[in-house]
Amino acid sequence: MLRTSKCFAGVLIWLFGAAIVHPAGSTPGEEPMIDIQQTVERLKAHLEALTLRIGERSVRFPANIQKTAEYIQSFYQENAVAVHYEPFSYQDLTVANVVAELSSGLKPSKHFLLGAHYDSVAGTVGADDNASAIAVQLETARHLKALMSREEIGLAVKFVSFALEEPPVYGTPFMGSRVYARKARQAQERLDGMICLEMVGYTCSDPGCQRYPFPLMFLGYPKAGNFIGLVGNLGSRALARSLFKTFRQNRQLPVVKLTVPFNGRLVPAVRLSDHASFWDQGFQAVMITDSAFYRNPHYHLPSDTMSKLDYRFMAELVESLLIFFRSEGR
Ligand SMILES: [Zn+2]
């Protein structure tokens, strides 16, 4: 019996890698680059706009999808960041991926894409899924622009807000991320890494609140739901490694890394967002997530509202992303 379970554990670890966890540290780290409290207030303001002023952003309410694209576009215009729409059609709907770009220096050494979908599933205002990610995307852009004005950061970063990720479009060629990734491949766009923000606002601490897809529950992953997860495929190990290494410098945000073989096809749950569209086109891509329905009981429900989110957790993610971009750009 023992020998068999050892082999089984061995195979699992070979396939998925033992839990690589970096808990929050007790020793005080460096001063954060951003004003955390101010960022918390700004993140809340984005959630109010997206989930209260606009509301459900599903294909049932095309006008709300359009209002959201306009909200994202006007944010970039107000912050003097170049932005444009990339429209595409789905049935009789015309929607758009919203593409903003920051670049410092003439010849950026690396090109990254920070992506997040802005639609919600029918029946919910989608605070965690996925307004939390749009809010973190916008505030990361704001702070990266400020950082690029202070320091030489040799990067080009695209911020792409994808239309249509949720059902009934999920898994069809009309997902905004599939439309973008296909176009990028055809145009041979230079892309060193795609970072996908998918549900990044929910934490929990009750015993048993954090669950995992089989077989990860056997691999020593954390019981508490206070970490941010990094999920990459074998082809994206370099990107996942540098994200993990830099995120660990932020001792206020525990981080967990998972690498999956076969583009995640053995554990379909890890493919459930926009990063998979880039995996399938051969780009390096890593999903950043609070682990979605493995932690958040409000997933795809009317109860997924802004009062359920942890804004300090989201602000610390902005800080960690900035540490990553600064490190990659030096
Ligand atoms: Zn989502």
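Since the model is a prediction, treat every value here as computed from it, not as a measurement.

1. Notes on the nonpolar core
Then, number 1: Residues Y76, L197, F247, I288 and L317 are the most contacted members of the largest nonpolar core, which totals 72 residues.
Then, number 2: Here the element with the most residues in this core is helix α4 (residues 127-150); it accounts for 11 residues.
Then, number 3: Dropping the residues within four chain positions of it, L317 is found in contact with V136, L197, V200, I228, F247, L253 and I288.
Then, number 4: Counting residues in each nonpolar core, the second largest holds 27 residues, with L113, V160, V256 and A285 among its members.

2. Quick look at the coordination of the zinc ion
Then, number 1: Every protein donor of the zinc ion is accounted for by H117 (NE2), D129 (OD) and E198 (OE), and the metal-donor separations fall at 1.9 to 2.2 Å.
Then, number 2: Considered as a linear motif, the donors of the zinc ion on their single chain read H-x11-D-x68-E. Residue D129 is located in helix α4, and its partner E198 is located in strand β6 (residues 193-198); the two are separated by 69 residues in the primary sequence.

3. Quick word on the environment of F278
Then, number 1: Structurally, the position occupied by F278 is in helix α7 (residues 275-279).
Then, number 2: For the pair F278 and R182, spaced 96 residues apart in sequence, the C-alpha to C-alpha distance is 8.3 Å.
Then, number 3: Other than its neighbours up to four places away in sequence, F278 contacts L113, F162, S177, Y180, A181, L191, M194, F283 and A285.

4. Looking at helix α8 (residues 311-329)
It helps to recall that an α-helix has 3.6 residues per turn; residues three or four apart then point in one direction.
Then, number 1: The end-to-end C-alpha distance of α8 is 27 Å, a good match for the 27 Å that 19 residues give at a rise of 1.5 Å each.
Then, number 2: Where α8 starts, the residue carrying a side-chain oxygen 3.2 Å from the main-chain nitrogen of R312 turns out to be D310.

5. A closer look at the pattern of salt bridges
Then, number 1: Here the structure, examined in full by the defined rule, presents 11 salt bridges.
Then, number 2: Taking the shortest distance from any N to any O, the salt bridge between K183 and E86 comes out at 3.6 Å. Of the two residues, K183 is situated in helix α5 (residues 176-186) and E86 in strand β2 (residues 82-90); the sequence distance between them amounts to 97 residues.
Then, number 3: Accessibility expressed as a relative area gives 18% for E86, which makes it buried.
Then, number 4: Put simply, K158 and E189 hold a salt bridge, and the shortest N to O gap is 3.3 Å. Of the two residues, K158 is situated in strand β5 (residues 155-162) and E189 in the loop between α5 and β6; the sequence distance between them amounts to 31 residues. No difference in accessibility class separates K158 from E189, as the two residues are buried.
Then, number 5: Each of the salt bridges in this network shares a partner with another, and the network as a whole consists of E151, R326 and R330.

6. Section: the pairing of strand β9 (residues 285-289)
Then, number 1: Summarising burial for β9: five of the five residues are buried, a large majority.
Then, number 2: Of the two faces of β9, the one holding A285, M287 and T289 and the one holding V286 and I288 are both buried throughout.
Then, number 3: Bridge analysis of β6 against β9 gives five bridges, and the strand direction is parallel. In the strand pairing of β9, E198 is matched with T289.
Then, number 4: Of the strand pairs in this sheet, strand β7 (residues 228-233) and β9 are connected by four bridges, and their pairing is antiparallel. Residue pairing for β9: G232 is matched across the bridge by V286.

7. Re the packing of helix α2 (residues 36-54) against α8
A pair of packed helices is captured by two measures, namely the crossing angle of their axes and the spacing between those axes.
Then, number 1: With their axes 9 Å apart at the nearest point, α2 and α8 run at an angle of 110 degrees to one another. Relative to α8, the element α2 lies roughly perpendicular. The element α2 and its partner α8 pack so that their crossing is right-handed. The residues of α8 that touch α2, namely those facing I36, T39, V40, L43, K44 and L47, are Y311, R312, M314, A315, E316, V318 and E319.

8. Some details on α2
Then, number 1: The end-to-end C-alpha distance of α2, which contains 19 residues, comes to 26 Å, matching closely the 27 Å that a straight helix rising 1.5 Å per residue would cover.
Then, number 2: The largest bend in α2 is about 30 degrees, located at E48.
Then, number 3: For α2, the full list of buried residues reads I36, T39, V40, L43, H46, L47, A49, L50, T51 and I54.
Then, number 4: With a side-chain oxygen positioned 3.1 Å from the backbone nitrogen of Q37, the residue opening α2 is D35.

Here is what the cut-offs are and how they apply
- Residues numbered from 1 in each chain as written.
- Predicted model: local features only at pLDDT ≥ 70, side-chain atom pairs only at ≥ 80, totals over all residues.
- Heavy atoms only, no water.
- Core = buried A, V, L, I, M, F, W, Y, C linked by side-chain atoms within 4.5 Å.
- Buried < 20%, exposed > 50% of the residue type's maximum accessible area, 1.4 Å probe, protein only.
- Helix = DSSP H or I, 4+ residues; strand = E, 2+ residues; numbered from the N terminus.
- Contact = heavy atoms within 4.5 Å.
- Donors = N, O, S within 2.8 Å, 3.2 Å for Na, K, Ca; no water.
- Expected span 1.5 Å × (residues − 1).
- Polar contact = N/O pair within 3.5 Å; in protein donor to acceptor, adjacent residues only side chain to side chain.
- Salt bridge = Lys/Arg side-chain N within 4 Å of Asp/Glu carboxyl O.
- Pairing = 2+ DSSP bridges.
- Axes fitted to C-alpha atoms, helices over the stretch in contact; angles between N-to-C directions.
- Parallel < 35°, antiparallel > 145°, perpendicular 65-115°, else oblique.
- Left-handed = near helix turned anticlockwise from the far one by under 90°.
- Bend = angle between axes of the 7 residues up to and from the residue.

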